Amino acid sequence: MSRLTAVLADAQCQLDSLEELRQAHIRLFPPIHMLPVEILLAIFKLTVKKPYQFSSIQDGPWGLGHVCRIWRQITAAPSSLWSSPYCGSYCNAMLSTVFERSLPLVFHYEINSKRASTDIVKHHSLRWHKITLIGATDSHLQLGDVGPLPLLAAVALRISGQMEPESFAQILHPFQSAPKLQSLKLTIDSRVECLTPLPSAFPWHQLTHLDHSIRWSTFLLDCQLLSHCPDLQSYITQSRDEPGSSDAVHHSKLTFLGIQHVALLRYLQCTSLTGLKLSIATLGKDAIRRYVLPLRTFLGHSPLLTYININAVLGSGRLFPFLSTFTFTNIRKLELKLDIEDDDMCDIQPLVASATPLLFPNLTQFACASSRPMYFCNTERFDQSLFAVIESRWHVEGRGVAQLQLVRLPFKSGYCMMAADERRRMTDSFRVLKEEGLDIAVFWGEGEARQQLL
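Not measured: the values here are computed from a predicted model.

S.K.: Help me out: how do you make sense of the overall build of the protein chain in this one?
M.R.: Within the protein chain, the secondary structure is distributed over 12 helices and 18 strands. Scored against the burial criterion, the 454 residues of the protein chain give a buried share of 46%. In the protein chain, of all internal contacts separated by at least 6 residues, the share reaching a separation of at least 24 is 65%. Carbon together with sulfur atoms contributes 54% to the accessible area of the protein chain, which is approximately 22200 Å² in total.

What follows is the structure, encoded as structure tokens:
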């Protein structure tokens, strides 16, 4: 019996040693190595900033490959992880490697010198998918002939300096052989005269998305662009100046429109429009009387409009008097970006909550953001007014109006300056509605410092 006991004890010691060895091997393979490659790649994409400096191991995917052999194998394979490198005026073999691994090829290219080499960029032109070209002058962005661009879907051009006449056509020339091009974004600090007439060789008829911010742009340019782009679905313009005269443009396919001045609406008819981004921050009393009719006429020709984004000035008494002449019956989603001028919060509450007749009777989604630090105004009064708006559209029993279903409150830098008790008081007020079932979220701060408190 004693011998059997000794044998069992020896076997148990060997078993314990084997278990220790097994655990040691397990520690050599952490649980993250058990994740599928697709999951790891998705995590890697969240860690890489876009655009990233292609030559920096901190910003780009290079650093991930230094962790271990498995990660290096994953990152070295062509994938969208390598997309969106930021290329300066210097190009080298490292950039060529990035381009070869980028699938699809998306990149930001800053050309700030006439001597900048574009050979590597042009060499991969058959794989261009989305590109952003940035230049100090128009001559920097004249790439010349690059050949066919069979995969190119989106182009963004940023020019910080003045443009010479005829330069616009030369800048757009390389993209006229892009059969899949659908999106164009222009940011140009130059007079509009340098852009007209529009280059006829450019495939305007293919575009479905057009966004431009052009200094001293006029509505005449807007009308020309819309006329040249019959398949546009989204159009965003920063134009503020009216032309001497222009014919009205009827656009049957446009579904989203973003404008900086209400006056542009007098020149447009968009029967398929579902979303409108409207800036009315500069309206005075004369402008209110002048633009009520254009907006009413425009809304009358937009029966499908269900979403509106309003960039407005509060505290000036201009927002509500202007909008109170309308009833936005079909609007389901409303987003407000408020520029706070003083302590007078009288505009926001009747806008959504207590006006008769109610401006937005079928509203189900509401978002409100502040673009100016809230410490310039009476935050407690703003809290109460905003809460009253949301609470009144949540408890709607017997009022014959739609109930809010979703609320988003992304407060920016100014709210971070509020005292902790003020933040807590506002958050606690909205938490009551969340517990009752309202889908509401409150965010503080911007960028990496952004926090969701509710």
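S.K.: Any chance you could explain helix 7 (residues 219-228) here in plain terms?
M.R.: For an α-helix, the turn length of 3.6 residues means that residues three or four places apart are oriented alike. Every buried residue of helix 7 is listed here: Phe-219, Leu-221, Asp-222, Cys-223, Leu-225 and Leu-226. Contact partners of the buried residues in helix 7: strand 7 (209-214), strand 8 (234-237), strand 9 (249-251) and strand 11 (268-270).

S.K.: Which parts of the structure should I look at to understand the pairing of strand 8?
M.R.: For a regular strand, side-chain orientation follows a simple rule: the groups alternate between the two sheet faces. The sheet contact formed by strand 7 and strand 8 spans 4 bridges and is parallel. Its bridge partner being in strand 8, His-212 is matched across the sheet by Thr-237. The sheet contact formed by strand 8 and strand 10 (residues 256-259) spans 3 bridges and is parallel. Following the sheet pairing, Ser-234 is matched in strand 10 by Phe-256.

S.K.: Hey, could you run me through the side chain of Ser-125 in this one?
M.R.: Looking at where Ser-125 falls in the secondary structure, it is placed in the loop between helix 5 (119-123) and strand 4 (128-135). Beyond its immediate sequence surroundings of up to four residues, Ser-125 is in contact with Val-146, Pro-148 and Leu-149.

S.K.: It is not clear to me how a nonpolar patch on the surface should be interpreted in this structure. Could you clarify?
M.R.: Side chains of Ile-32, Leu-35, Ile-39 and Ile-43 sit close together on the surface and give an oily, nonpolar patch of about 290 Å² of accessible area. Its place among the elements puts Leu-35 in the loop between helix 1 (2-28) and helix 2 (37-47). For Leu-35, a relative accessible area of 34% translates into the label partly exposed.

S.K.: Looking at this structure, I do not really get unusual backbone geometry. What am I missing?
M.R.: For residues that are not glycine, phi is negative in most cases, and the peptide bond is trans in most cases. The backbone phi angle of Ser-84 is positive, close to 70°, even though this residue is not glycine. Relative to the assigned elements, Ser-84 resides in the loop between helix 3 (69-76) and strand 2 (85-87).

S.K.: Sorry, what's going on with the nonpolar core here?
M.R.: Note that soluble globular proteins tend to have their nonpolar side chains buried in a common cluster. Core analysis: the biggest nonpolar cluster contains 111 residues, and Trp-128, Phe-175 and Phe-366 have the highest contact counts within it. With near-sequence residues (within four places) excluded, Trp-128 lies in contact with Leu-105, Phe-107, Val-121, Lys-122, Leu-143, Val-146, Leu-149, Leu-151, Leu-152 and Phe-175.

S.K.: Honestly, the packing of aromatic side chains in this entry has me stumped. Any pointers?
M.R.: Going through the model one piece at a time under the given rule, you end up with 6 aromatic pairs. Seen from their ring centres, Phe-328 and Phe-360 are 4.9 Å apart, and the 10° between their planes marks the pair as stacked. With a gap of 32 residues between them, Phe-328 in the loop between helix 9 (319-323) and strand 14 (333-340) and Phe-360 in the loop between helix 10 (348-354) and strand 15 (365-370) connect regions that are remote in the sequence. Overall, the relative accessible area of 0% leaves Phe-360 in the buried class. Taking the ring centre of Tyr-307 as reference, the NZ or CZ of Lys-333 above it sits at 5.1 Å.

Basis of the calculations
- Residues numbered from 1 in each chain as written.
- Predicted model: local features only at pLDDT ≥ 70, side-chain atom pairs only at ≥ 80, totals over all residues.
- Heavy atoms only, no water.
- Helix = DSSP H or I, 4+ residues; strand = E, 2+ residues; numbered from the N terminus.
- Buried < 20%, exposed > 50% of the residue type's maximum accessible area, 1.4 Å probe, protein only.
- Contact = heavy atoms within 4.5 Å.
- Areas by Shrake-Rupley, 256 points an atom, 1.4 Å probe, with all protein chains shown as cover.
- Pairing = 2+ DSSP bridges.
- Patch = residues over 30% accessible without salt bridge, like charges linked within 9 Å, V, L, I, M, F, W, Y side chains within 5 Å.
- Salt bridge = Lys/Arg side-chain N within 4 Å of Asp/Glu carboxyl O.
- Core = buried A, V, L, I, M, F, W, Y, C linked by side-chain atoms within 4.5 Å.
- Phe/Tyr/Trp six-rings, centres within 6.5 Å; stacked < 30°, edge-to-face > 60°.
- Lys NZ or Arg CZ within 6 Å of the ring centre and 35° of its normal.

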